[in-house]
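Overview (structure and organization)
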Amino acid sequence: MGYDDVFPYLGEFGRYQRRIYLLVCLPAISCAFHKLAGVFLLKTPSFRCQLPFELSNASYQLPDDVFNLSYPIDGFTKKPTTCQYFDANYTDDYFQAGIPAPQTVYCERYIYNYSETFQSSTVSEWDMVCNRAWMTATSDSLFMVGVLLGSIIFGQMSDNWGRKPVFFASLVLQLIFGITAGIAPEYITYTISRIIVGATTSGVFLVAYVIAMEMVGPTRRLFAGVVSMMFFSLGYMLVGAFAYFITDWRYLQIALTLPGIFFMAYYWFIPESARWLLSKKRKDEAVIIIQKAAKENGVTIPQEVYDNLIDESATEVKKKPANEPSVLDLFRYPNLRKKSLLIFFDWFVNSGTYYALSWNTGNLGGNEIVNFVISGAVEIPAYLFLLFTLNRWGRRNILCGCMLVAGTLLLLTMAVPDGHNWIVVTLAMLGKMAITSSYGTVYIFSAEQFPTPVRNVGLGASSMVARFGGILAPYINLLALIWKPFPLIVLGACAFVGGLLSLFLPETLNKKLPETIEEGESFGKKVTKGDVEADAEELKVLTGKNAEKKLANGNDTNDQ
């Protein structure tokens, strides 16, 4: 009897499970703080070169005639570039002549517009602009590298050492290095600290997510999984509220880190996963947790259930084949290889588009904080949409439809004329809503595509590919320095192509999931007339060989 056999007696989502579920969902808010904080920590304010005649505390504003004779026009954007200035003798005679100097030089120092919303950011403190602008994208990208490493390291640790100790170890590290990032004296220390914080978001959120999903009954897991993502969206929006009131990046980083202290109290309220304890043959500890849950749920579980309780995965260890399943098994068969590549591409596009849009709100124009909060708010209806449609309309229809809609909306932004910025913001937010729905769908859809022996391997590989999408997202946003709509066009094209390619994946709703590699290869494979004829010919050959073998056996008998 496995752990799932306890649910008919315990209840799939009783009072005990609801209480623990709520507690483990709250850390998603804190993880959203760290994943989205870069929008404001790495905010690039308006800036210009400090001119030779100016002091370091000079005002950002300049008279129009002085500005026009100080900064050249960019040949591509047709707008003044503030990364260079005219190499001139800035005297009254120069300005009175009204003729720009023929040569330009690159800035050595910068003056920032501190009259804007934010008083300071890492960019203004460490001059990460112009030929150093790549440093901002690299910092966000390395944060996502940390998320990737954390999912591998903390995931393995939680399987070996337990969910609870890894959860709290991640919390401690997140607090230490979150504060370290806030007091970092220079870029390297800040970036390394953010990498470690990125890794801990996997240790906190993913481990808490696993705890929640392992104690919820099978029919409630879709609801539990989708709602947990809404807590992340809530944290997303709260980052905007923090940034509105705290305009110094150091105080903002520390303020977003300190709520993690609250979760330290969980040590006395969050139990270890009973399912994991069973997998480690610690049945007595698992029974104590189940009995506590049964008491709080007001139910009684028969003693024979406890007596027969075992971990099914433990009994399967003896039956494991000599060759463990690996990611290479996904590429040994043509149909399975095709589906795997399509799924990987979907994960890459969804992750890259989601994070690029989340971090791109500053390039949309208008009020950045308002754009940011709206970008988080649209995720709530996106997840509600999945709850009502995912088991009705089919996984493929929603995945393809949402990616195509997102791609179309983002591509339309290049047709918006200047001066209609609200249209760009609207299209981008609707695109964000659509890609959020498709990102939520691809988790379930992928799990149902891979055959059982390589399902975990396939999902692990998919998640890793998704992280690479997030790693590239900051560099896609950096294209806005060339042309503001550029990032949205690139993201829209990728999403649209991904939506079209997803049409080649088979629907999985109400279908029997593939249990073997052979079933995975045949699942969704179109049978053509040529295939039927080939199979018939093969059957004929085999039948002929069997007949010859039978005749030969008969002759051998007669000879004897």
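Scroll up to find the structure.
Figured I'd write up the structure that's included with this text. (Residues numbered from 1 in each chain as written. Predicted model: local features only at pLDDT ≥ 70, side-chain atom pairs only at ≥ 80, totals over all residues. Heavy atoms only, no water.)

1. Re the overall build of the protein
The condition is simple: What counts as a helix is a DSSP run of H or I of at least four residues, what counts as a strand is a run of E of at least two, and both are numbered from the N terminus. To be clear on the numbers: accessible area is Shrake-Rupley with a 1.4 Å probe, and residue cover counts the displayed protein chains and nothing else.
Scanning the protein from terminus to terminus reveals 25 helices and four strands. Total accessible area on the protein stands at roughly 27200 Å², and carbon and sulfur atoms take up 62% of it.

2. Observations concerning the packing of helix α3 (residues 27–36) against helix α10 (residues 187–214)
Keep this limit in mind: For helices, the fitted axis covers only the stretch in contact; all axes are lines through C-alpha atoms, and the angles between them, taken along N-to-C directions, range from 0 to 180 degrees. Orientation is classified from the angle alone, with under 35 degrees giving roughly parallel, over 145 giving roughly antiparallel, 65 to 115 giving roughly perpendicular, and any other angle giving oblique. Crossing chirality is assigned from the near helix's rotation relative to the far helix, an anticlockwise turn below a right angle marking it left-handed and a clockwise turn marking it right-handed. Between two residues, a contact is recorded if the distance between any of their heavy atoms is within 4.5 Å. Gly is placed with the polar residues, together with every amino acid not listed as nonpolar (Ala, Val, Leu, Ile, Met, Phe, Trp, Tyr, Cys and Pro) or charged (Asp, Glu, Lys and Arg).
Two elements in contact, α3 and α10, have axes whose closest approach is 10 Å; the angle formed by their N-to-C orientations is 155 degrees. By the criterion of interaxial angle, the relationship of α3 to α10 is roughly antiparallel. In this structure, the crossing between α3 and α10 has a hand that is left-handed. In this structure, α3 contributes P27, A28, C31, H34 and K35 to the contact, and α10 contributes R194, V197, T201, V204 and F205. Classifying every residue of the contact of α3 with α10 by side-chain character gives six nonpolar, two polar and two charged.

3. Things to note about the state of the cysteines
The condition that has to hold: Cysteine sulfur atoms are paired as a disulfide whenever they fall within 2.5 Å. With a 1.4 Å probe rolled over the protein chains alone, any residue whose accessible area is under 20% of its type maximum counts as buried; one over 50% counts as exposed, and the rest are partly exposed.
Under the counting rule described, the total for this entry stands at two disulfides. A disulfide bridge connects C49 with C107, and the sulfur atoms are separated by 1.4 Å. Here C49 is found in strand β1 (residues 47–49), whereas its partner C107 is found in the loop between β3 (104–106) and β4 (110–112), with 58 residues between them in sequence. Between the sulfur atoms of C83 and its disulfide partner C130 the distance amounts to 2.0 Å. One quick way to see it: the torsion about the S-S bond of C83 and C130 is about -95 degrees, and its sign makes the bridge left-handed. In this pair, C83 sits in the loop between α5 (64–68) and β2 (84–86) while C130 sits in the loop between α7 (122–126) and α8 (134–161), placing the two residues 47 residues apart along the sequence. Classification of C83 as buried rests on a relative accessible area of 18%. Once the disulfide-bonded cysteines of the protein are ranked by sequence position, their pairing pattern turns out to be 1-3, 2-4. Cysteine C402 shares no disulfide, and the gap to the nearest cysteine sulfur, in C400, comes to 9.6 Å.

4. Remarks on the packing of helix α9 (residues 163–183) against α10
In a pair of packed helices, the angle between the axes and the distance between the axes together describe the arrangement. Where α9 meets α10, the axes come as close as 8 Å, and the angle between the chain directions of the two elements is 155 degrees. Considered as vectors, α9 and α10 are oriented roughly antiparallel to each other. The chirality of how α9 crosses α10 is left-handed. The residue inventory of the contact of α9 with α10, partitioned by class, reads 14 nonpolar, nine polar and three charged.

5. So, the packing of aromatic side chains
The test is simple: Each aromatic pair joins two rings of Phe, Tyr and Trp (for Trp, the six-membered one) with centres within 6.5 Å, and gets the label stacked for planes under 30 degrees apart, edge-to-face for over 60, and tilted for any other angle. Here, a charge over a ring is recorded when the distance from Lys NZ or Arg CZ to the ring centre is within 6 Å and its angle to the ring normal is within 35 degrees.
Across all of its chains, the model carries 36 aromatic pairs by this definition. Each ring, one from Y354 and one from Y439, has its centre 5.8 Å from the other, and the planes form 55 degrees; the classification is tilted. Placement of Y354 in helix α17 (residues 334–359) and of Y439 in helix α21 (residues 421–449) is noted, with a sequence separation of 85 residues between them. This pair shows no difference in class: Y354 is buried, exactly as Y439 is. Over the ring of Y267 we find K164; its NZ or CZ atom is 4.6 Å from the centre of that ring.

6. Some details on the pattern of salt bridges
Put simply, the rule reads: Salt-bridge detection follows one rule: a side-chain nitrogen of Lys or Arg within 4 Å of a carboxyl oxygen of Asp or Glu.
For the coordinates displayed, the defined rule picks out nine salt bridges. A salt bridge links E125 to R250, with the shortest nitrogen-to-oxygen separation between them at 2.6 Å. Taken as a pair, E125 in helix α7 and R250 in helix α12 (residues 249–257) lie far apart in primary sequence, 125 residues in all. E125 gets classed as partly exposed once you look at its relative accessible area, which sits at 38%. Of the residues examined, R250 reaches a relative accessible area of 19% and is grouped as buried. Across the pair R332 and D329 runs a salt bridge whose closest N-O atoms are separated by 2.2 Å.

7. Things to note about unusual backbone geometry
Most peptide bonds are trans, and most residues other than glycine sit at a negative phi. Here the phi dihedral of D127 falls at roughly 50 degrees; this positive angle occurs in a residue that is not glycine. Within the secondary structure layout, D127 lies in the loop between α7 and α8. Of note in this structure, K281 is not a glycine but carries a positive phi near 60 degrees. A relative accessible area of 70% places K281 in the exposed class.

8. Points about the environment of R15
Inspection of the secondary structure puts R15 in helix α2 (residues 15–25). Along the primary structure R15 and K295 are separated by 280 residues, whereas in three dimensions their C-alpha atoms are 9.9 Å apart. Discounting chain neighbours no more than four positions away, the residues touching R15 are E296 and N297.

9. Observations concerning α9
Operational definition: The length a helix should cover is 1.5 Å for every residue beyond the first.
The end-to-end C-alpha distance of α9, which contains 21 residues, comes to 31 Å, matching closely the 30 Å that a straight helix rising 1.5 Å per residue would cover. Inspection of α9 places R163, K164, V166, F167, F168, S170, L171, Q174, L175, G178, A181 and G182 among the buried residues, and these make up the whole buried set. Tucked into the core, α9 has its buried residues touching α3, α8, α10, α12 and α13 (274–279).

10. Overview of helix α18 (residues 368–377)
Rules: By arc we mean the arc of the directions from the helix axis to the C-beta atoms, nothing more. Within 3.5 Å is the distance limit for a polar contact, defined as a pair of N or O atoms, with the added protein rule that one can donate a hydrogen and the other accept it, and that residues adjacent in sequence qualify only through two side-chain atoms.
Burial in α18 covers these residues: E368, I369, N371, F372, S375 and G376. Looking straight down α18, one finds that the buried residues subtend no more than 160 degrees of arc, so they occupy a single side. Summarising the contacts, the buried residues of α18 are in contact with α3, α4 (38–41), α11 (221–245), α17, α19 (379–389) and α21. Between the side-chain oxygen of the N-cap and the backbone nitrogen of I369 there are 3.0 Å, and the N-cap of α18 in question is N367.

11. Considering the nonpolar core
Note the threshold: Definition of nonpolar core: a set of buried residues of the types Ala, Val, Leu, Ile, Met, Phe, Trp, Tyr and Cys, connected through side-chain atoms within 4.5 Å.
Within the largest apolar cluster, 141 residues are counted, with the highest numbers of intra-cluster contacts made by Y21, F40, F167, Y190, I290 and I301. Not counting residues up to four positions away in its chain, the partners in contact with Y190 are L41, L42, T122, W126, S139, A181, A184 and W249. Counting seven residues, the second largest nonpolar core, distinct from the first, contains V226, Y383, L390 and C402.

12. Considering the environment of Y244
Mapped onto the elements, Y244 comes out in helix α11. With 126 residues separating them in the primary sequence, Y244 and V370 have C-alpha atoms 9.6 Å apart.

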